[in-house]
Structures are given as C-alpha cells and as structure tokens.
Amino acid sequence: MIIQICVGSSCHLKGSPEIVELFQKAIEQYRLEDEITLAGSFCMGKCNRIGVSVSIDDEIHTGVTKENFKELFEKNVLCKFERS
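Residues numbered from 1 in each chain as written. Predicted model: local features only at pLDDT ≥ 70, side-chain atom pairs only at ≥ 80, totals over all residues. Heavy atoms only, no water.

(A) Inspection of the pattern of salt bridges at higher detail. Inspection of the entire model under this criterion finds two salt bridges. Between Glu18 and Lys66 there is a salt bridge, and its shortest N-O distance comes to 4.0 Å. One end of the pair, Glu18, is in helix 2 (residues 16-29); the other, Lys66, is in the loop between strand 4 (59-64) and helix 3 (69-76), and 48 residues separate them in sequence. Glu18 sits in the partly exposed class, given a relative accessible area of 43%. Judged by its relative accessible area of 52%, Lys66 is exposed. Here Lys25 makes a salt bridge to Glu21, at a shortest N to O gap of 3.1 Å. Placement of both Lys25 and Glu21 in helix 2 is noted, with a separation of four residues, approximately one turn of the helix. (Salt bridge = Lys/Arg side-chain N within 4 Å of Asp/Glu carboxyl O. Helix = DSSP H or I, 4+ residues; strand = E, 2+ residues; numbered from the N terminus. Buried < 20%, exposed > 50% of the residue type's maximum accessible area, 1.4 Å probe, protein only.)

(B) Structural detail: the nonpolar core. Ranked by size, the top nonpolar core spans 22 residues in total, and within it Ile3, Phe23, Ile36, Val54, Phe73 and Val77 carry the most contacts. Elements that contribute at least two residues to this core include exactly strand 1 (2-6), helix 2, strand 3 (52-56) and helix 3. Here this core takes four residues from helix 2, the largest share from any one element. When sequence neighbours within four positions are dropped, the list of residues in contact with Ile3 reads Phe23, Ile36, Thr37, Leu38, Ala39, Val54, Ser55, Ile56 and Val77. (Core = buried A, V, L, I, M, F, W, Y, C linked by side-chain atoms within 4.5 Å. Contact = heavy atoms within 4.5 Å.)

(C) View of the environment of Cys11. Relative to the helices and strands, Cys11 is located in helix 1 (residues 9-13). In sequence terms Cys11 and Val52 are 41 residues apart; their C-alpha atoms lie 5.0 Å from each other. Setting aside its immediate chain neighbours within four residues, Cys11 contacts Cys6, Ser16, Gly51, Val52 and Ser53.

Okay, here's the thing in structure tokens:
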C-alpha cells in the first residue's frame, strides 16, 4: 500500500506535518512498516478549506485532520490488513 500525504504549502499550513506524524505512529503501532510506503507529495489538486489531502493507493481523501485521522486510518488502511 502506498500512502502519500500532501506537503505543499496549503496543506503544510493546514497541518500536514502532524498528519505525517500520526501516520508514522499508527503504522508502527500496528506493525505495518513492511506493508506500507509512506511518502510526501506536492499538490494533488484537491485543496480543501479544512485539512490535508492524502492519497491511499491512488484514492484521494481531502480534509484530513488530527480529529478525523483515526476514522480515516481504520476505514481505509487498517481494514485492508485485518489479520484473522
């Protein structure tokens, strides 16, 4: 899985460094380091008034904030790696 976080000027001002840190911690917490490539990206062309743009396997999610990060991670990342 490839996760790209916009670090362009608009998203940077809206908290992309914090979102990068949240992804890093969550990936480590669930031991997904070998399964996920985390990368920065410049503008994805989907700027939103609130939050950061994040691409998860080429699906762009806008408006990502620290408040809605957990839901995004569980719904779009963690569920794809649920272990039986």
